[in-house]
Amino acid sequence: MAFLPSKGNPESPVANRYFGLFKSGKMKARGIAFRRSDTPPLIQKAQLRMLEFYQKQKMWAIMDQDSKILDLLLEYSLILKDGQAKNEDLAIGKRISRSLMLIRWIA
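Residues numbered from 1 in each chain as written. Predicted model: local features only at pLDDT ≥ 70, side-chain atom pairs only at ≥ 80, totals over all residues. Heavy atoms only, no water.

Draft legend 1. Summary view of the layout of surface pockets. In this structure, the second largest pocket spans a volume of roughly 310 Å³. Lining the second largest pocket are 13 residues, with Ile-43, Ala-46, Gln-47, Met-50 and Leu-73 positioned closest to its centre. Breaking the lining of the second largest pocket down by element, the ones donating at least two residues are helix H1 (41-56) and helix H2 (66-81). In terms of residues, the lining of the second largest pocket owes the most to one element, H1, which gives six residues. (1 Å grid on protein atoms, 1.4 Å probe; cavity = no way out; pocket = protein on both sides within 12 Å on 5 of 7 lines; lining within 4 Å. Points joined across faces, edges and corners; volume = space filled by probe spheres on them. Helix = DSSP H or I, 4+ residues; strand = E, 2+ residues; numbered from the N terminus.)

Encoded structure:
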């Protein structure tokens, strides 16, 4: 189980942002970007690939794999830098739950 740091205090982990593996190999994650509907698909894919990489590792070998995770990060960084990402892979989605109200501006 890995608890992610607080956004306000990077030294302090928070209980509602974590990922971990069960002995069965099943992953559980809460409060991280790939689960959010408003995260761009490219970012979701990058984060999910990193988590799936950890999912395939033996527990004792995880700490030695940081360079491979950084390689995945570099791969997606280059996709962005080189302009290879499609617009739809960078779009941020937002659902609106209230009905649209038309407001007439009086000048």
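Draft legend 2. Quick look at H2. Over its 16 residues, H2 extends 22 Å from the first C-alpha to the last, a length consistent with the 22 Å expected when each residue adds 1.5 Å. For H2, the full list of buried residues reads Ile-69, Leu-72, Tyr-76 and Ile-79. Buried residues of H2 fall within an arc of 75 degrees about the axis and therefore sit on the same side. Exposed side of H2, more than 90 degrees from the buried face: Leu-70 and Lys-81 are the residues found there. Those residues of H2 hidden inside the fold are in contact with H1. Just past H2, the residue Gly-83 takes up positive phi, approximately 70 degrees. (Expected span 1.5 Å × (residues − 1). Buried < 20%, exposed > 50% of the residue type's maximum accessible area, 1.4 Å probe, protein only. Arc of directions from axis to C-beta. Contact = heavy atoms within 4.5 Å.)

Draft legend 3. How the structure looks around the confidence of the model for the chain. Model confidence for the chain is summarised by a mean pLDDT of 84, while 85% of its residues fall at 70 or above. For the chain, strand E1 (residues 2-5) is the element with the lowest average pLDDT, namely 87, and helix H3 (residues 87-90) is the one with the highest, namely 92. (pLDDT = per-residue confidence, 0-100.)

Draft legend 4. Inspection of the packing of H1 against H2 at higher detail. For the pair H1 and H2, the least separation of the axes is 10 Å and the interaxial angle reads 165 degrees. Relative to H2, H1 is oriented roughly antiparallel. In this structure, H1 crosses over H2, and the sense of that crossing is right-handed. Where H1 approaches H2, its residues Leu-42, Lys-45, Ala-46, Arg-49, Met-50, Phe-53 and Tyr-54 are matched on the opposing element by Asp-66, Lys-68, Ile-69, Leu-72, Leu-73, Glu-75, Tyr-76, Ile-79 and Leu-80. (Axes fitted to C-alpha atoms, helices over the stretch in contact; angles between N-to-C directions. Parallel < 35°, antiparallel > 145°, perpendicular 65-115°, else oblique. Left-handed = near helix turned anticlockwise from the far one by under 90°.)

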